[in-house]
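Survey of secondary and tertiary structure
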Amino acid sequence: MEEYYRYIDDTKFMDWVFSPTVELDQYWEAYIKEHPEDRATIIKLKVALFTFKSKQQFLNTSQKSNLLDNIQKSISTNLKKRKVRRLYLQTFKYAAAALLLFLVGTLINIQNKKVEDWPPMDYSTELNSSSNTQLILPDGTQINLEDSDSKVRYTKTGSIIVNKDTINTLAEYRQPNKLIQLIVPYGKKSRLSLPDGSIVYLNAGSRFIYPSCFEGGKREVRLLGEAFFDVAKDKQSPFIVRTQRLSVKVLGTQFNISAYPLDKSVETVLAEGSVKIIQNNKKFFNKDIFLTPGQMASYDNETGKFTVEMVDIENHILWKDGILKFENLELNRIVKKLERYYNINIGFNDPLTGMVIITGKLDLNTDMDSVLENLATTMSSEIKKLNDKNYKIM
Amino acid sequence: MELQSEIIDHEKFWKEFTEGSQLAFTILYNHHIDQLFAYGIKLFGNDELVKDCIHEVFLDLHLHRETISYPRNLKSYLFKALKSTIFRRLKRERKYATLPNDDILIFDLEYSIEDKIIAEEVTKEQKQIVETILRKLNKDQREIIFLKFESGFDYDEIAEIIGINRDSVYKQVYRILKKLRDILEKESMVLFFIYSLLNGAKKKIKKDKKVVQILGVEFPIG
């Protein structure tokens, strides 16, 4: 028994079991190699403990902030909250039955077929280098798009027009299985018209992959980052945007997806029409999400849960016109957007400042320094320029 | 481009909190709310009641902030406060409805192992193991499992939250481990199989030989 205790009282071991990270995986794999005599103990214990990882229930973001608001209200009036007698006890007796049903339900849980794989994304090009927006053709040709707000479109004959230059592509590359990649580094954005007439606005720090032409009743593209889509109507062939964890399926509509790999969640905002959101590793009980205009679905990458709420669409799509509008947003989130937009770093003198909630609008078409100054003024603090790339909010 | 995670100075933070900073209060709330709510739901599975009780706990925390030390005891203080608030509330409400007299707090652990074994169909044996383990634990043991294994409390803190002494907690953990070991000895092959499913990518089943390979060791199955 002693050998089990050694690990049970080791927080590094418990963390590995209940909230594993890549580092912990590596640490313990190395540890097992060094202590082969403990291998069986460690594996057995991990399996057994993992069996007891329970299902945890959390409040969603808006429930949390409502509760906090209520608490702060009663603090300010300094009165104990009026105690409302509710019918909790009615629900109590059903709780046990519900738990039973839950257990039965999940035991028959089976996995649906996975979405078929796409060729892996090429991550070789750095997003934060000061390079230009790049268009990579099926034959590997890289075309530099020098403007910070570039435009790519197609002619009826299939030639690509980049800004004002026409690029003639060979007919053999105009095949659905020939993929084109558009890489928009930090500090740039791009507007792309696809061969089907759909328009995609790509935000800073995004990768977008699409086929040279759409065929076979399907229009599939792949996105890493943020984009606003204005999809041309074609009831015969659905338009599917794949991100790392979610896929969004539409027929003809306007919507925004923000799926940056480093963000905590994937956000889909619908402006017009309707969309269907599908988890890539769908389980039997995962329902697809349907949005109506004005709604936003946030998918939490960690918990795998969706929250759907009504939002002000402008807050999420005005970036394509160079305007950043936000409502009750943490300064941290705004700063992150600005960092991507301008390809700079913004630090905080006091980390607490980052948690301040603000509402407002920034016109990013004016020069960067005055945008940052505007933001600092709103915060009634100062922003200090350390060097070309680094700023600090005091 | 990711914001560097900044380390907050605990003492400075606590000072700001005791001086009544709203920002510090918000941070503290955000830091603990998920774990508190998850714990509360396990004590008594009613969202509204748990939310109400959390409300009361934070209000009390604000009112008594000057007498609480930070940071060592804060988390267990909050857990304990939530538990006693829920308990008090239920006791009072019991006057108005029929409830089983003992065990007001049931401590439900909804196990998520079923969710994890989605890669393959759940076999009869695996189902049995989970049920066996569930049956063999009592309410206190379930709570100790949650507090010790999942919430990272030490023996002293658990003793305080549950209201028994440290030695009893230690003995209970010993008993839980013993039960686990018994199951492990008997069913280890099947458990290894579960483990391999949990680890998805590491699993390699050679069809002709029927073995599972885990961390370089092969175990026969079937």
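Thresholds applied
- Residues numbered from 1 in each chain as written.
- Chains lettered and ligands numbered in written order.
- Predicted model: local features only at pLDDT ≥ 70, side-chain atom pairs only at ≥ 80, totals over all residues.
- Heavy atoms only, no water.
- Helix = DSSP H or I, 4+ residues; strand = E, 2+ residues; numbered from the N terminus.
- Buried < 20%, exposed > 50% of the residue type's maximum accessible area, 1.4 Å probe, protein only.
- Contact = heavy atoms within 4.5 Å.
- Areas by Shrake-Rupley, 256 points an atom, 1.4 Å probe, with all protein chains shown as cover.
- Salt bridge = Lys/Arg side-chain N within 4 Å of Asp/Glu carboxyl O.
- pLDDT = per-residue confidence, 0-100.
- Pairing = 2+ DSSP bridges.

For chain B, the count of helices and strands is nine helices and three strands. Along chain B, helices (α) and strands (β) appear in the sequence α-α-α-α-α-α-α-α-α-β-β-β when read from the amino end. Of all 222 residues assigned to chain B, the portion counted as buried reaches 48%. When contacts within chain B are restricted to residue pairs at least 6 apart in sequence, long-range pairs at least 24 apart make up 59% of them. Total accessible area on chain B stands at roughly 11100 Å², and carbon and sulfur atoms take up 48% of it.

Residue and element names in this part refer to chain B. Mapped onto the secondary structure, Thr-85 falls in helix H4 (residues 74-94). By relative accessible area, which is 5% here, Thr-85 ends up buried. Leaving out residues up to four positions away in the same chain, Thr-85 has contacts with Cys-53, Glu-56 and Val-57.

It is worth spelling out the pattern of salt bridges at this point. Under the defined criterion, the tally for this structure stands at 19 salt bridges over all chains. Two residues, Lys-276 of chain A and Asp-288 of chain A, come together in a salt bridge whose shortest N-O distance is 4.0 Å. Taken as a pair, Lys-276 of chain A in strand S15 (residues 275-279) and Asp-288 of chain A in the loop between S15 and strand S16 (289-291) lie far apart in primary sequence, 12 residues in all. Owing to a relative accessible area of 25%, Lys-276 of chain A belongs among the partly exposed residues under this scheme. Across the salt bridge formed by Lys-325 of chain A and Asp-312 of chain A, the nearest N and O atoms sit 3.1 Å from each other. Of this pair, Lys-325 of chain A sits in strand S19 (residues 323-330) while Asp-312 of chain A sits in the loop between strand S18 (306-310) and helix H7 (313-317), and the two are 13 residues apart along the sequence. Linked by salt bridges that have partners in common, Asp-52, Glu-56, Arg-88 and Arg-89 of chain B make up one network.

Moving on: the confidence of the model for chain A. Residue and element names in this part refer to chain A. Per-residue confidence for chain A gives a mean pLDDT of 77, with 81% of residues at or over 70. Strand S8 (residues 199-202) holds the highest mean pLDDT among the elements of chain A, 91, whereas helix H6 (residues 88-107) holds the lowest, 48. Residue range residues 79-91 is modelled with pLDDT below 50. Its contacts to residues more than four positions away, or to other chains, number 27 contacts. Across residues 102-118, confidence stays below pLDDT 50; counting only partners more than four residues off in sequence or on other chains, it has 36 contacts.

On a regular strand, one side chain projects to one face of the sheet and the next to the other, so that they alternate. All names here are of chain A. Alternating residues of strand S11 (residues 239-242) divide into Phe-239 and Val-241 and Ile-240 and Arg-242, and every residue in both groups is buried. Here strand S10 (residues 219-230) pairs with S11 via four bridges, running parallel. Across the sheet, the residue bridging to Glu-220 is Ile-240, located in S11. In this sheet, strand S12 (residues 246-250) lies alongside S11 in antiparallel orientation, the contact comprising four bridges.

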